[in-house]
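# Chains, contacts and geometry: an overview
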Amino acid sequence: MAVKVCKFGGTSMADADIIKSVKNIIESDGDRRFVVVSAPGKRYSGDKKITDMLFGCHKELINSGNCTKSFSAVRARFKDIADRLEIKSDFNAVLDKTLCRIEKEKSEQFTVSRGEYLCARLVAEYLEFEFIDTEKVVFFNDDGTLNGEKTYKAVASVANVVRRAVFPGFYGVDDNGKVRTFSRGGSDISGAIVARAVNASVYENWTDVPGFLACDPHIVESPKIIEALSYKELRELSYMGAGVLHSESIFPVRKANIPIQIKNTFRPQDKGTTIVPTSRYLPAGSTVTGIAGKKNFTVIFIEKSLMNAEIGFVRKILSVIESENISVEHIPTGIDTVSLIIENEHLTELKLNRILEGIKCEVEPDFIRVIENIALIATVGHGMSSSVGTSARLFNAIANADINIKMIDQGSSELNIVVGVKNEDYERCISAIYYEFFGN
Ligand code: ASP
C-alpha cells in the first residue's frame, strides 16, 4: 500500500480553523499516514511565529533566570488552539511540564524546538494519530549533521508498528542526549527524513503558496507556477534564494527517488508543483524552468599572464581564502584570469585586506581588483543544454534592458547560467530574463 508523508508548515498550523482544514486534507486520502508539523506560524501580517516567541523565552531565561513572562504568550496561543479544537487531555499540564524542562535545560535549541513538540502533540490528539517524538528517532552527529543511517532505521521501526502518526519537525537529539534543531525552516528536512525512512510514494509539502514560482513575485507580478522541476533544478533555485522549501530538504528523498509535491493548504484542489528525481520525468519542451538570485557578493578578480600553465595557481589562491575560514560561491576562470565570488556577509574589511595581501604574496598576480555589491542571478533549466541559442537570448534580454554584466559563469552541467550584475540592476535583470523566456 502506498504511503504518503505530509509536512504542514507554520501557516498551516497557525490557528484552530486552519488545523481543521488540515484534518480534512489528511482524511481525504487514506495514504496520508504520516504527518510532520511545524510550529504555529503567523496568523496575519505583524503576528509572531511561535518559534520566534520561543527565542524570546530563551533570552528572558538567560537574562532573568526564568521565562515566565514570555512563555505565558506561548501558552495562550496553544491554549486557544487546544480549546477550539476541543482537545480532551489536560494541555495545561503539558505546557507546565514543558516550561519546567525549558527552565531546567537552559538550552536555546531545546527551547525553540518546543513549538513543534507542542504542536505535534495537539495535532496528533486532534487527528487521533500516534504522537512520535523526534527526540527518540532523529539523530544528529556531534558536528550537527544528520546521522542518516541511525535515523532512518529508528523512524522506520516505529512507523512499522503504528498505522498513522504525527511527528514534530525541526529537531532531533545528539549523541549526548541533547535536543538539537536544524536551521530555520528545518521541518522541511524532517518531513523528507520521514518520507525516506518509510519509503513514501510521495513527500507532500503543504504550505501557503500555490507552488514553486518561476521567479520572485516581489519582482514580477504573478509569475508562472512551475508545474514540474527536477531535484537538481530545485537545488539550484533554492540555493539561490527561491524559498518554498529548505534547500537541504531534498537530500534525504533524492537518494530514494521519492518525488516531492508542493501543495497549498488553502487551495488543496490546485495542482501545485511536483519535484521529480531526474529530468527524464519532466515534460519536453521547456527551456528555462526558473530564475532566482541573491544580492551582496564581492568579486575578487585576479589576472596573471600564463596563469593556466602555473601548477597549483588556483590551489594557492583558495588556500588563502580557506585560511580565513570562508567559502567561495563561484570561481569563473579565463585563460589568464580567475575570479573568486564570495558572499559579503562572510567578509569584513580586515579579512578582505588579509585575503588580498595573501593572494599577492602567494601568486604575485599582474593585476588584482575587488568589485563589491554584486548580485548573482541564476537562470536554471535542463532544457538549456539541448536548445540552441539560449544564452544568446539571455544576454540579449539583459543587454536590451541596458544592464552591464560583470561576470558570467555557466555551470558545466549546462543546467544554469549565472550572471553577476550590480546590486542596483538586480530586479530589472530578473524581470528582463523572465519576460524573455516566459512572455507576459
Ligand atoms: N519552526 C521553525 C522555524 O520557524 C522550523 C520550521 O518551521 O520549519 O524556523
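Relevant structure appears above.
What follows deals with the site of the ligand. Neighbouring the ligand are the residues Ser38, Thr51, Glu116, Phe170, Arg184, Gly185, Gly186 and Ser187. Residue glycine 186 places a main-chain N or O atom 3.3 Å away from an oxygen atom belonging to the ligand. The fraction of the free accessible surface of the ligand (260 Å²) that becomes covered by protein chains is 92%. Residue classes in the shell around the ligand are distributed as one nonpolar, five polar and two charged.

Moving on to the sheet that holds strand 3 (residues 130-131). Here we have eight strands laid out as an open sheet, ordered 3-4-2-1-7-11-12-10, and mixed in their pairing. Two strands bound the open sheet, and with one partner strand each, they are strand 3 and strand 10 (228-230). The pairing of strand 2 (residues 32-37) with strand 4 (residues 165-168) spans four bridges and is classified as parallel. The residue bridging valine 36 from the neighbouring strand is phenylalanine 167, located in strand 4. Across the sheet, helix 5 (residues 108-127) is in contact with strand 2, strand 3 and strand 4; its angle to strand 4 comes to roughly 170°.

This part is about the side chain of arginine 77. The residue arginine 77 is located in helix 3 (residues 68-84) in this model. By relative accessible area, arginine 77 is classed as buried at 6%. Residues within four places of arginine 77 in sequence aside, it is in contact with Ala14, Pro40, Gly41, Arg43, Asp47, Lys48, Ile50 and Met53.

Conventions we followed
Residues numbered from 1 in each chain as written. Predicted model: local features only at pLDDT ≥ 70, side-chain atom pairs only at ≥ 80, totals over all residues. Heavy atoms only, no water. Near = heavy atom within 4 Å. Polar contact = N/O pair within 3.5 Å; in protein donor to acceptor, adjacent residues only side chain to side chain. Areas by Shrake-Rupley, 256 points an atom, 1.4 Å probe, with all protein chains shown as cover. Nonpolar A, V, L, I, M, F, W, Y, C, P; charged D, E, K, R; others polar. Pairing = 2+ DSSP bridges. Helix = DSSP H or I, 4+ residues; strand = E, 2+ residues; numbered from the N terminus. Contact = heavy atoms within 4.5 Å. Axes fitted to C-alpha atoms, helices over the stretch in contact; angles between N-to-C directions. Buried < 20%, exposed > 50% of the residue type's maximum accessible area, 1.4 Å probe, protein only.

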